[in-house]
Amino acid sequence: MAYLFLAPWFIGMVVITIGPILASLYLSFTEYSLLQPPEWLGLENYRRMLDDERLHTALRVTFTYVFVSVPMQLALALALAFFLDRGVRGLAIYRSIYYLPSLLGGSVAIAILWRQIFGTEGLINQLLGAVGIEGEGWVSHPDHALSTLIVLNVWTFGAPMVIFLAGLRQIPTMYYEAAEVDGAGGFTKFWRITIPLLTPIIFFNLVLQIIGSFQTFTQAFIVSGGTGGPADSTLFYTLYTYQRGFGSFEMGYASALAWVLLVIIAIFTAVNFLAAKRWVHYGD
Amino acid sequence: MRTLRALAVSLPAAALVLTACGGDDTAGGGDGDVVELRYAFWGSDDRAQMTQDMIDKFEAENPDIRVEIDYADFGAYFDKLATSVAANDAPDIMTMGGAYHSEYAGRGALLDLGEVDDMIRTDKISDDILAHGTIDDSLYAIPTGVNGYAMVANPAVFAQAGLELPDDTTWTWDDFADLCTQIGTALGDDGYGSQDLTNHNTLSLWARQNGESLYNEDGELGISAESLTQWWEFALELRDSGCTPPATLTEELASQSAPEQTLIGTNSGGMSLVWSNVLEALSTASGEELELLIPPGLGGGEPGSWLGPSMYYTISARTEHPEEAARLVDFMLNEPAAAESFLTDRGLPVNTDVRDAIMDDLTPVQQAEAEYLNRLQEVVGEPVAPAPVGSTETADIVTRLNSEILFDRTTPQDAADQFITEVGAALQQ
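Residues numbered from 1 in each chain as written. Chains lettered and ligands numbered in written order. Predicted model: local features only at pLDDT ≥ 70, side-chain atom pairs only at ≥ 80, totals over all residues.

Bringing the sheet that holds strand S12 (residues 312-315) of chain B into the picture now. Residue and element names in this part refer to chain B. Pairing is mixed across the open sheet formed by 5 strands, whose spatial order is S2-S1-S3-S12-S6. The sheet is open, and its two borders are formed by strand S2 (65-72) and strand S6 (142-143), each paired with just one other strand. Judged from the 2 bridges that link them, strand S1 (residues 35-42) and strand S3 (residues 93-96) form a sheet pairing that is parallel. Considered in S3, the bridge of Ala 40 is made with Met 94. Strands S1 and S2 of the sheet are contacted by helix H2 (residues 45-61), whose axis makes an angle of about 170 degrees with S2. (Pairing = 2+ DSSP bridges. Helix = DSSP H or I, 4+ residues; strand = E, 2+ residues; numbered from the N terminus. Contact = placed C-beta atoms within 7 Å. Axes fitted to C-alpha atoms, helices over the stretch in contact; angles between N-to-C directions.)

Next comes the structure, spelled out in structure tokens:
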């Protein structure tokens, strides 16, 4: 009986999620052009990755993006949550405004807007021009293009901020009162009480944001017109996977790339969980 | 008991789902002998409307065939097409472009049109044009229209710089560089002599002028590292002399395809290398009377330009109705009525009779385009070999290496070697 009611979910799970995942695992060991039946290659696709220089570029770009944007985004989210938590009038409005970019950040429209803002004739350069600095096109220069995408990701700090805010609300005020009696200042309270009690929340946000950032696709696809340019400076891992799969009819290799990304993300998450034992405090 | 009741509730629901899935197959079965075809192409709603207009005429003449159009924006079209072919759900008639017809034919996804050659008349189409769709000696794709690679020039910008348009029957790359630099200097911050010229078509042109070819008849790379190096050294000279924009602007222009945003479209550039069929869009965007010039040569060398196909009609290898599909392709290629629906939207018609029939319906800009192609016809050399399997990637490889060069991250020599390695590898697969 229960199985019958589970069936819609279960069928969807098997047909739409698990089936394709297993199929892609199989395809990752084949040469598959989409137009012809797959041919078994064994481990060749995985071996090929060692010599694939563009893949190495893609890894470099993606790791830079994750390692720079996630800490910046979380720090900003925590800082704003901390200030909002100290009783700002109209908190609900601020919370909504700051949260908005998280909803929009991954969208095509925002990516197009970003291109305009950071373009040669864009808003940023007009502002710089007003103070006498002549800027170049930010999204179209290989040294800056990735930075603009990092800024875009940091800008979507609203989602972790809301979670931080909820976490801050849960810290009992008696701890702070006790600390004040002992003569603790603002920084000590933040460092000795807020941060330790917030570590489960920080950990949660960290894991989610790392997983999400590794999978970034839309922004880079739109900003570079699908090329990962200029000069491969925004060639995200997922974008490269897409190019191999659909651009050059190498769906087998693309499947192998997807599986390697899964393994990379799994390793990062596992390391996170292992390290968490040393710094995350779940109270008692 | 409870199980039974649950079954009673869920079965109709399941039946509903199943019938909904089956809907497509049963729809056409009712009216006897009517064959349903699916015709896929990319483009705007305007193109879809013209196509529907053409389909209406076709269906009126062929009551036994119904055609369903299936279109998408260019960016999504080939992803969608590859997926539906993989799912064994390929459209019966597919429009192809670039080297995609080779990619598909080389992998067995297209019907050898020799099997339906009694349905498709090709006697009014030049052999040079048909050669583009001939892969391994079989005709798989028929060009929809003719295009010519051209240097578009904006006379208003030339006048602004106090210059006259060159004589395009004799001009050389040195003349081009001179003119271009003068325009760039005269316009100052307001514009440039030309948009950056490098792309795979330009490399093909350059190769031909140097007695080589981008790809040879065997589907291998034909251009030498020396020619590539020379081209990119020239491109750097143009950048440094103020002829072409700085690298960041070139990059920005390269990552978008809207005619309104090109230097020609915004009247901030004197020249650009384009396919002749974008003349109309560029003219609308700039509002000026643009001119198409035959691209410059090496001086005494071969002009190098060629008549190229704009798109191709192909038929799926797995279509259940090859004959009916062939009748539609024949209609689109050879019936003046069809051409009247879309005029030059798919390039200037390849059938010379059809071309003459619609000439009076064309706008002045379209007529200028046709005149250019007539002039170009006189000077084209050997036809270009069809683009080989794996060559779809070339365009992106060129764009990427060109960025590296223009941003001074690599040298023309190294980029040339890289080009040969990367394109060579893509062609091998």
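Residues and elements named next belong to chain B. Averaged over chain B, the pLDDT score is 88; the fraction of residues at 70 or greater is 92%. Scored below 50 in pLDDT, residues 1-30 makes 8 contacts in the model with residues more than four places away or belonging to other chains. For this predicted complex, the interface confidence reaches an ipTM of 0.84, while the overall pTM sits at 0.86. (pLDDT = per-residue confidence, 0-100.)

As a further point, take the pairing of S1(B). Residue and element names in this part refer to chain B. In the sheet, S1 pairs with S2 via 8 bridges, with the strands oriented parallel. Bridge pairing in S2 places Ala 40 opposite Asp 70. Remark: the S1/H2/S2 crossover connection has right-handed handedness. (Right-handed = clockwise from strand over helix to strand, strands pointing away.)

Residue and element names in this part refer to chain B. Here the domain parsing of chain B yields domain 1 (32-144 + 310-373) and domain 2 (148-308 + 390-428). Taking only C-alpha atoms, the centre of domain 1 and the centre of domain 2 are 29 Å apart. Taken together, the contact between domain 1 and domain 2 spans 16 residues of the former and 11 residues of the latter. Among the elements of the structure, helix H4 (100-106), helix H5 (127-131) and helix H15 (364-379) are those that each provide at least two residues to the side of domain 1 that touches domain 2. In terms of residues, the side of domain 1 that touches domain 2 owes the most to one element, H15, which gives 6 residues. Per-class residue counts for the side of domain 1 that touches domain 2 are 7 nonpolar, 6 polar and 3 charged. (Domains from an automatic or database assignment. Nonpolar A, V, L, I, M, F, W, Y, C, P; charged D, E, K, R; others polar.)

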